[in-house]
Amino acid sequence: MITLPSLPYEPQSLEPIISQQTLDFHYGRHHQGYVTTLNSLLQSGALGDTFSSTDDLQAIIQQAASQKNNLPQAQGVFNNAAQVWTHAFYWHSLAPTQSGKAGKNALSADLSDAIARDFGGIESLEKTLHDQGLAQFGSGWVWLACTKDGTLSVHRTPNAELIWLEGDLIPLAILDVWEHAYYLDYQNRRSDHLKQVIAQLLNWDFASKNFQSKTLFTLEAA
Ligand code: MN
């Protein structure tokens, strides 16, 4: 049984960049919906009895990913389980502007140095995140990640796909480019949404801590 991870701030605290209405739908309906559907699939035995009552989300994701090609219902389990994980990671990847965790001042010296080395500076990284978000056709995610040796990279993935299954990439932060993340506030203007979020809400304190630990985010640590 997976429970909905808690939101690390009040639902109105990302305003005016992300409205409380968007947060209420995105967290209360979409994220909750993935949790509800996942539990229903697991309880109906979609991954077998071993996974019918576990609370180990990463084990569910890995098992579903490995079974996707030979077990028809595993794709549904994977989609919903991965979306439970990415949304929890996404909430932590944002922070209210007043929190002191967003904005470039929250960057650690180590991450700042790595950004200068691998992207030529924070402005160039921000542009890369924005451009990759725009380039993603349809629904998906944009990731800032690093390898174990600290090399940074930006990735985009469609739908519920993840970058960390093989274990060589550690996610530092993520941006949701599904329309449900911005449509109520920005309609089709994904670019405007991304520019605002990247400049004002991206939680560089969280990204810096992930860069320091180089460990995969888990719901338990959230
Ligand atoms: Mn979403």
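See the structure shown above.
On a predicted model such as this, the values are computed, not experimentally measured, just so you know.

Scoring rules and cut-offs
Residues numbered from 1 in each chain as written. Predicted model: local features only at pLDDT ≥ 70, side-chain atom pairs only at ≥ 80, totals over all residues. Heavy atoms only, no water. Salt bridge = Lys/Arg side-chain N within 4 Å of Asp/Glu carboxyl O. Buried < 20%, exposed > 50% of the residue type's maximum accessible area, 1.4 Å probe, protein only. Phe/Tyr/Trp six-rings, centres within 6.5 Å; stacked < 30°, edge-to-face > 60°. Helix = DSSP H or I, 4+ residues; strand = E, 2+ residues; numbered from the N terminus. Lys NZ or Arg CZ within 6 Å of the ring centre and 35° of its normal. Donors = N, O, S within 2.8 Å, 3.2 Å for Na, K, Ca; no water.

*Asks:* Please clarify how the pattern of salt bridges should be interpreted in this entry.
*Replies:* Opposite charge on two side chains permits pairing when their charged atoms draw close. Tallying each qualifying case throughout the model produces six salt bridges. Between arginine 189 and aspartate 192 there is a salt bridge whose closest N-O contact spans 3.3 Å. For arginine 189, a relative accessible area of 37% corresponds to the partly exposed category.

*Asks:* Just checking my understanding: could you explain the packing of aromatic side chains for this structure?
*Replies:* Two measures describe an aromatic ring pair: the distance that separates the ring centres and the angle between the ring planes. Counting across every chain of the model gives 10 aromatic pairs. On the numbers, 5.9 Å between centres and 80° between planes, the contact of tyrosine 27 with tryptophan 91 is edge-to-face. Placement of the pair is tyrosine 27 in helix α1 (residues 20-43) and tryptophan 91 in helix α3 (residues 74-93), with a sequence separation of 64 residues. Taken as a pair, tyrosine 27 and tryptophan 91 share a single burial class, namely buried. Consider the rings of tryptophan 85 and tryptophan 143, whose centres lie 6.2 Å apart with planes at 25°: the pair is stacked. Within this pair, whereas tryptophan 85 is found in helix α3, its partner tryptophan 143 is found in strand β1 (residues 140-146), the two being separated by 58 residues in sequence. Of the two residues examined, tryptophan 85 and tryptophan 143, each falls in the buried class. Site record: aromatic cluster; members linked through ring pairs are Trp85, Phe89, Trp143, Trp164, Phe206 and Phe217. Sitting over the ring of phenylalanine 78, lysine 68 keeps its end group 4.1 Å from the ring centre.

*Asks:* I keep staring at unusual backbone geometry and nothing clicks. Help me out?
*Replies:* Glutamate 15 connects to proline 16 through a cis peptide bond whose omega is 5°. With a phi close to 50°, asparagine 159 is a non-glycine residue in the positive phi region.

*Asks:* So what exactly am I meant to see when it comes to the coordination of the manganese ion here?
*Replies:* Put simply, a metal with four donors set out as a tetrahedron has ideal angles of 109.5 degrees, and one with six donors set out as an octahedron has ideal angles of 90 or 180 degrees. Protein coordination at the manganese ion: the donors are His26 (NE2), His87 (NE2), Asp176 (OD) and His180 (NE2), at 2.0 to 2.1 Å from the metal. Between consecutive donors of the manganese ion, the numbers of intervening residues give the motif H-x60-H-x88-D-x3-H. Highlighted residues: histidine 26 in helix α1 and histidine 87 in helix α3, separated in sequence by 61 residues. For the residue pair histidine 26 and histidine 87, the accessibility class agrees, reading buried in each case.

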